[in-house]
Amino acid sequence: MKQSNFKSLEKKWQARWEKEKIFSVSENSKKEKYYVLEQFPYPSGSGLHMGHAFVYTIGDIYSRFKRLNGFNVLHPMGFDSLGLPAENAAIKENIHPKKYTDNSIKNFIRQQKALGLSYDWDRSFKTHDSEYYKWDQWIFLKMLEKGLVYKKKSPVNYCKKCDTVLANEQVVNGKCWRHENTDVQIKHLSQWYLKITDYADELADFNSVKEWPQVIKKLQKNWIGKSYGSEIIFKVNNKDWKVFTTRADTLFGVTFVVVSAQHPELAGLITKENKKDVEKFLKNLNSVSEENLAKMDKEGVFTGSYAIHPLTGDEIPIWAGNFVLADYGSGMVMAVPAHDQRDFEFAKKYKLPIKQVIKQKDEKIGKILREAYIGPGHLRNSGAFDGLYYEEAKNHITIALKKEKKGKKTINFRLKDWLISRQRYWGTPIPIVYCDDCGKVPVSEKELPIKLPDKVKFGKGNPLESVESWIKTKCPKCGKIGRRETDTMDTFVNSSWYFLRYCDPNNNKKIFDPKKVNYWNPIDIYVGGKEHACMHDIYMRFYTKFLRDLKLLKFDEPAKKLFVQGFVHGEDGNKMSKSLGNVVDPMNTINQYGADSLRLFLVSVASPDSDFNWSEKGIQGSFRFYNKFVNFMNNIKIGNSSKRLESKLNKAIKLMGEDVENFRYNLAVIKLRALLDNFIEEDETGKQDVEKLLLITSIFMPHICEEIWERLGNKGFIINAKWPEYDEKKIDKNLEEQELTINKTLADINNILNLIKDEAKNIYLYVLPNELKIYDQEKLSDKLGKSIKVFAVNDKNKHDPENKSKKAKPGRPGIYVE
Ligand code: ANZ
Ligand code: ZN
Ligand code: ZN
């Protein structure tokens, strides 16, 4: 076997894995199940990029590790193939999105196979297959049945470039998530929503996803934004206007209320005298995103109306303001300028009264506030509640309000319902028919799937709107001709439940067999990107809870553990991008160095959860290791292993197992490299020990290990063998400690050499007499590349002009250089 034939060798093993369906699994197994999943890709025309190769390698190593450790491992792959990028790309290249997508998927599969990924390909599917999206539609109908789907007209985010509306989650700093330079516009449109907020409380509870990374939980927590507070009623012209506040204790400090400039009932508050002013204000208003609420200039205008304070009965002026969100709480706030900075700025600007109701420590009465006081304190200026500590007062005041039916405790969420309407072609059709007589009518389950029509014209607007023959259909209720909904669903709908379909991918009677799904799920380890924290990761949790409530699932959360991988940047440290010319194509690398070397390189630079830069030197280093490994195996002399090697091997098996289990692949690779050197240093090695080395290497470099495994006379695949057990008794602790001591000493010497800029010719070590046998003069000189003389401290003939031997301590020799 020559080193250079890695190409044919990798192809050979990929073909054999495929032919013998090595990675296909079933529920009928005595082994314990384990579900490893990497987020499935959107199959773009440009094929696999290095980031994909990285994520899949991370999952693949884990999957192989668990298999070798005796688990029944499900490791599937599919394609998230609906969505706007495919439609845009197809338009650009003037081919049909279906053709474009199918071609891309073929290419993707070829590349994934070239990486040696251990997928059960029989379970693969693509979401643009109507046999898949049929079940998106089915879930939609089920949600509709349970009151979790509605259509409403409201101000929505719209991206000109995407030519469609966006979900709240898809707006980042006021810009489109796909078009970083495009401001999102506000349009008033009637759109379909999924009521994810019904699950807000459960989604904000992370007890059953304790093992998810802290960062993800924190991002989700902020996004869901659970606030405990009170709802307080202010009467306006005898109508109830509610406000949401987290500071009921400041109720007596309210000096005005502010209603959102976008509030649908604002018009009813504007008096004749103020109409002109308000209109002028509204005309000049810019749309506000939540993130810059704190920074922006607070502006407003008096409406002319007054609200009645629920406890004092005072008349409180009502203003319209740009810093109040229409869709948070009730869209109106009670303003307490003394204790809220936004209100403070507003009051200063419009010369509104400021009334302090929380006493500051060491407060000088009458001192003018320079900014709002938001700290703790006791109440004052608050009637019967004076003297109460503010936290307590929240409760007391709310209870008092409740007695008079003027308020109550409540919880508010920042999370909004999920806007799923998209005015584009390449998505799941929404199964609704509009009938003049019956209104919005759901299609019956029997009619599913509502397939996308093939023949459409791309150009301006939603292509579906032009397909009259598809739009015109019988009303499912009365049979008269009605019109199909032309909005399609957000693609995140497709990925919200795909992990379940892998468990029963070909079921054409049901969404899936619950028995199969409940066997494999929840996912044991889910590998994916941090950017999905507040989108896919939350949607998937929502769908899981909904399907559980339909009694289809027996678990509450989709994944026990989530592993968030880092980014692979270009050699220059920038994000890989065509315009920077720093893109490295995994296929080129595979052709040049082989998949085994690429896989090894991807996990050896850094811990897989941190970012790292591509490095040509690095991949060459991995390739060198590969060749060293092959060389060693080619020239191996089978015999008996030394005690030293056995110690090294057992220790490596133990530690590498722990490293891999905890995703410290980079540390495992360091140990693997050292272990190979230990093997190479020996004259001969036991056959079983070589096999153990192969087994632990095979999770990183599966192809070459299968090859050598077979050559050593093993029947069957290495992936069907067992991860070696280690024998603690064979680990020689003394030896390990001695080597550690020697390495420390060498590091000390190197430090000294660095200090004196390496001009030394001779190095002398003074060691305690009982340690003399540890410090092998020859080996040390070899390792350092300089001559070293070792003396016992009590050696009368030693050369020691500066009396450094006095400095020797156990495990820490005295050092002299000249
Ligand atoms: C009075 C008050 C006094 C407030 C005070 C704060 C400090 P979180 O924690 O994010 O839930 N608020 C309520 N509805 C709002 C809306 N639609 N747009 C903008 N702000 C709104 O914030 C709750 C607080 O945000 C509420 O408590 C309210 O101001 C404001 F010294 O009420 B507070
Ligand atoms: Zn966009
Ligand atoms: Zn009808």
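Quick note: structure is the one above.
The structure reproduced in this document is the subject of the present report. Everything numeric here is computed off the predicted structure, so don't read it as measured data.

How each quantity is defined
Residues numbered from 1 in each chain as written. Chains lettered and ligands numbered in written order. Predicted model: local features only at pLDDT ≥ 70, side-chain atom pairs only at ≥ 80, totals over all residues. Heavy atoms only, no water. Helix = DSSP H or I, 4+ residues; strand = E, 2+ residues; numbered from the N terminus. Buried < 20%, exposed > 50% of the residue type's maximum accessible area, 1.4 Å probe, protein only. Contact = heavy atoms within 4.5 Å. Areas by Shrake-Rupley, 256 points an atom, 1.4 Å probe, with all protein chains shown as cover. Near = heavy atom within 4 Å. Polar contact = N/O pair within 3.5 Å; in protein donor to acceptor, adjacent residues only side chain to side chain. Nonpolar A, V, L, I, M, F, W, Y, C, P; charged D, E, K, R; others polar. Pairing = 2+ DSSP bridges. Axes fitted to C-alpha atoms, helices over the stretch in contact; angles between N-to-C directions. Donors = N, O, S within 2.8 Å, 3.2 Å for Na, K, Ca; no water. Tetrahedral: all angles 85-135°; square planar, octahedral: opposite > 155°, others 65-115°. Parallel < 35°, antiparallel > 145°, perpendicular 65-115°, else oblique. Left-handed = near helix turned anticlockwise from the far one by under 90°. Core = buried A, V, L, I, M, F, W, Y, C linked by side-chain atoms within 4.5 Å. Salt bridge = Lys/Arg side-chain N within 4 Å of Asp/Glu carboxyl O. 1 Å grid on protein atoms, 1.4 Å probe; cavity = no way out; pocket = protein on both sides within 12 Å on 5 of 7 lines; lining within 4 Å. Points joined across faces, edges and corners; volume = space filled by probe spheres on them. Phe/Tyr/Trp six-rings, centres within 6.5 Å; stacked < 30°, edge-to-face > 60°. Lys NZ or Arg CZ within 6 Å of the ring centre and 35° of its normal.

## Remarks on the overall build of the chain
Summing up its helical and strand segments, the chain has 23 helices and 30 strands in all. Projecting the C-alpha coordinates of the chain onto the three principal axes gives extents of approximately 105 × 75 × 50 Å. Expressed as a percentage of the 818 residues in the chain, the buried residues total 54%. Of all intrachain contacts in the chain linking residues separated by at least 6 positions in sequence, the fraction that spans at least 24 positions is 74%. Accessible surface, the chain as shown: approximately 38,900 Å² in total, 48% of it carbon and sulfur.

## Section: the site of ligand 1
Of all residues adjacent to ligand 1, which total 17 residues, the nearest are Ser227, Thr245, Leu325, Tyr328 and His339. Ser227 has a polar side-chain atom sitting 2.6 Å from an oxygen atom of ligand 1. Take Thr245: an N or O atom from its side chain is 2.7 Å from an oxygen atom of ligand 1. Bound to the protein, ligand 1 loses 83% of the 640 Å² it would expose on its own. Among the secondary structure elements, those contributing two or more residues to the shell around ligand 1 are strand E9 (239–245) and strand E13 (332–335). A class-by-class count of the residues in the shell around ligand 1 yields eight nonpolar, six polar and three charged.

## Some details on the sheet that holds strand E21 (residues 472–474)
The four strands lie next to each other as E20-E19-E22-E21, forming an open sheet whose pairing is antiparallel. Edge positions in the sheet fall to strand E20 (439–442) and E21, since each has one partner strand and no second. Strand after strand, the sheet turns through a mean of 45 degrees between neighbouring axes, direction not considered. Sheet topology places E21 next to strand E22 (residues 481–484); three bridges connect them, and they run antiparallel. Residue pairing for E22: Lys474 is matched across the bridge by Ile481.

## Focus: the sheet that holds strand E4 (residues 164–166)
Taken together, the four strands give an open sheet; going across it, the order is E4-E3-E7-E17, and neighbouring strands pair in antiparallel fashion. Two strands lie at the open edges of the sheet, namely E4 and strand E17 (418–419), each paired on one side alone. Across three bridges, strand E3 (residues 149–159) lies against E4 in antiparallel orientation. Residue pairing in the sheet places Cys159 in a bridge with Thr164 of E4.

## Structural notes on the coordination of the zinc ion (ligand 2)
Each protein donor to the zinc ion (ligand 2) is listed here as Cys159 (SG), Cys162 (SG), Cys176 (SG) and His179 (ND1); together their distances run 2.1 to 2.3 Å. Taken together, the four donor atoms surrounding the zinc ion (ligand 2) define angles of 105 to 112 degrees at the centre, an arrangement classified as tetrahedral. Written as a sequence motif, the donor residues of the zinc ion (ligand 2) are C-x2-C-x13-C-x2-H. Neither Cys176 nor His179 differs from the other in exposure class; each is buried.

## What to know about the pairing of strand E10 (residues 256–260)
Within E10, five of the five residues are buried, which leaves it mostly tucked inside the rest of the structure. The alternating pattern of E10 places Phe256, Val258 and Ser260 on one face and Val257 and Val259 on the opposite face, and all of these are buried. Pairing geometry for E10 and E13, over four bridges, is antiparallel. When the bridges of E13 are listed, Val258 appears paired with Val333. Direction of pairing for E10 relative to strand E12 (residues 315–321): parallel, over a ladder of four bridges. Residue pairing across strands places Val257 opposite Ile318, the latter belonging to E12.

## Overview of the environment of Phe612
Relative to the assigned elements, Phe612 resides in strand E27 (residues 612–613). Beyond its immediate sequence surroundings of up to four residues, Phe612 is in contact with Phe54, Phe567, Val568, His569, Phe601, Leu602, Val605 and Ala606.

## Considerations on the packing of helix H18 (residues 643–661) against helix H20 (residues 687–698)
Axis separation between H18 and H20 bottoms out at 11 Å; the angle between their running directions is 25 degrees. Between H18 and H20, the interaxial angle falls into the category roughly parallel. In this structure, H18 meets H20 at a crossing whose hand is left-handed. The residues of H20 that touch H18, namely those facing Glu646, Leu649, Ile653 and Met656, are Asp689, Lys692 and Ile696. Taken together, the residues of the contact of H18 with H20 break down into four nonpolar, no polar and three charged.

## A few points about the nonpolar core
Formed by 171 residues in total, the largest nonpolar core has its most connected members in Phe140, Trp418, Phe629 and Phe700. Counting residues in each nonpolar core, the second largest holds 39 residues, with Leu269, Ala338, Ala372 and Leu401 among its members.

## What to know about the coordination of the zinc ion (ligand 3)
At 2.2 to 2.4 Å from the zinc ion (ligand 3) lie its protein donor atoms, namely Cys435 (SG), Cys438 (SG), Cys475 (SG) and Cys478 (SG). Taken together, the four donor atoms coordinating the zinc ion (ligand 3) span angles of 107 to 112 degrees at the metal, a pattern that classifies the geometry as tetrahedral. Summarised as a motif, the one-chain spacing of the donors to the zinc ion (ligand 3) is C-x2-C-x36-C-x2-C. Placement of Cys438 in the loop between strand E19 (432–435) and E20 and of Cys478 in the loop between E21 and E22 is noted, with a sequence separation of 40 residues between them. On the basis of relative accessibility, which here comes to 25%, the residue Cys438 falls in the partly exposed class. Using a relative accessible area of 38% as the deciding quantity, one classes Cys478 as partly exposed.

## Quick look at the pattern of salt bridges
Going through the model one piece at a time under the given rule, you end up with 55 salt bridges. The partner of Glu265 in a salt bridge is Lys239, with the nearest N and O atoms 3.0 Å apart. Taken as a pair, Glu265 in the loop between E10 and helix H8 (275–283) and Lys239 in strand E9 lie far apart in primary sequence, 26 residues in all. Asp249 is paired through a salt bridge with Arg247; the nearest N and O atoms lie 2.9 Å apart. Each member of the pair, Asp249 as well as Arg247, is classed as buried. Connected via shared salt-bridge partners are Glu202, Arg541, Lys545, Arg548, Asp549, Asp556 and Glu557.

## Notes on empty space enclosed by the protein
Over the atoms rolls a probe the size of a water molecule, and in doing so it shows where empty space is left. Taken as a whole and assessed by the stated rule, the structure comprises four cavities of 30 Å³ or more. Approximately 140 Å³ is the volume found for the largest cavity. Lining the largest cavity are 17 residues, and of these Leu84, Arg178, Arg422, Asp490 and Thr491 sit closest to its centre. Of all elements in the fold, only helix H3 (84–93), E4 and strand E23 (488–489) reach the threshold of two or more residues within the lining of the largest cavity. For the lining of the largest cavity, the class distribution of residues is six nonpolar, six polar and five charged.

## Thoughts on the packing of helix H17 (residues 616–634) against helix H21 (residues 702–711)
Viewed as axis vectors pointing N to C, H17 and H21 meet at an angle of 0 degrees, and their least axial separation amounts to 12 Å. Considering the angle they form, H17 stands roughly parallel to H21. Mapping the contact onto sequence places Tyr626, Phe629, Val630, Met633 and Asn634 in H17 and Ile704, Cys705, Ile708 and Arg711 in H21.

## A word on the packing of aromatic side chains
Counted according to the given criterion, the structure contains 52 aromatic pairs. Centre to centre, the rings of Tyr665 and Phe700 are 6.4 Å apart; their planes meet at 85 degrees, and the pair counts as edge-to-face. Residue Tyr665 is located in helix H19 (residues 665–681), and its partner Phe700 is located in the loop between H20 and H21; the two are separated by 35 residues in the primary sequence. Note on accessibility: Tyr665 and Phe700 belong to one class, buried. Aromatic pair Tyr764 and Tyr816: ring centres 6.0 Å apart, planes at 25 degrees, arrangement stacked. Placement of Tyr764 in strand E28 (residues 763–767) and of Tyr816 in strand E30 (residues 814–817) is noted, with a sequence separation of 52 residues between them. Pair check on accessibility: Tyr764 and Tyr816 agree, each one buried. Chaining the aromatic ring pairs together yields one cluster made of Tyr34, Tyr62, Phe65, Phe71, Phe563, Phe663, Tyr665, Phe700 and Trp723. Above the face of the Trp17 ring, Arg64 is positioned so that its terminal group lies 4.8 Å from the ring centre. Note that Lys113 overlies the ring of Trp121, its terminal NZ or CZ placed 5.3 Å from the centroid.

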